[in-house]
Amino acid sequence: MHIVNTAAGVNLTVATTGASGAAFLKQLLLAVEHDQRVRTVNFIPSDSALRVMAEELGISGRSNLVQQILGSPSEKIHPQSNDDIGANVASGSYPTDAMIVIPCSMGTLAKIANGLATQLIERAADVCLKERHPLVLCVRETPLNKIHIRNMGLAADAGATIFPVIPAFYFGPNTLDDLVREYTNRVLAHIGLQQPGAYHWKS
């Protein structure tokens, strides 16, 4: 895994799809919003993700989407339409440092694993793979069938990191927010963006 160089300011792509787990997306966006090492976040929600966010976060429509998620406006997080296959992150010439799909549905995983880049999320992921940029797929499904497992293997072989949405309990969480925050801390640490207050195991 290539760790991003934070010295010049990080350009992230964050996508979200139709799997349950919008709280993980919200926490990750909050973290990168307040992380001074992150310069720009290109944020791509799928249509199915908008429905999940409506049910799980009370989000209504696309208007002021980032403000609805964060509770305040953002100058660094820029929503992108999943239908805009010509967006900046669809090109290998655009300086993306890493991409995180959180949560990543099995349908999105299948498209990425098999090179079916018909919408912006899959195209941006394909660009990360071909340019050898970190691509983290926070897959969310249970139980897994053999197709899901095969596609995770294909994506991993192509260079993606499969990072299942499995919260940890060994750090003694007191609330659901603790579980969500620690998971997103680990995702960001995986690409070199260690977060203050993250738990570190001591033997």
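Residues numbered from 1 in each chain as written. Predicted model: local features only at pLDDT ≥ 70, side-chain atom pairs only at ≥ 80, totals over all residues. Heavy atoms only, no water.

Draft legend 1. A look at the pattern of salt bridges. Throughout the structure, instances matching the rule amount to six salt bridges. Across the salt bridge formed by Lys130 and Glu131, the nearest N and O atoms sit 2.7 Å from each other. What makes Glu131 partly exposed here is its relative accessible area of 32%. (Salt bridge = Lys/Arg side-chain N within 4 Å of Asp/Glu carboxyl O. Buried < 20%, exposed > 50% of the residue type's maximum accessible area, 1.4 Å probe, protein only.)

Draft legend 2. Region of the structure containing the pairing of strand 4 (residues 98-104). Among the seven residues that make up strand 4, seven are buried, leaving the element largely enclosed by the rest of the structure. In the sheet, strand 1 (residues 10-16) pairs with strand 4 via four bridges, with the strands oriented parallel. What sits directly across from Thr13, in strand 4, is Met99. Relative to strand 5 (residues 135-139), strand 4 runs parallel, the two sharing four bridges. Directly across from Ile100, in strand 5, lies its bridge partner Val136. (Helix = DSSP H or I, 4+ residues; strand = E, 2+ residues; numbered from the N terminus. Pairing = 2+ DSSP bridges.)

Draft legend 3. Fine view of unusual backbone geometry. For the bond from Ile102 to Pro103, the omega torsion is -15°, close enough to zero to count as cis. Here Pro103 shows up in strand 4. Residues Thr142 and Pro143 are joined by a peptide bond in cis, for which omega reads -10°. Along the chain, Pro143 turns up in the loop between strand 5 and helix 6 (146-158).

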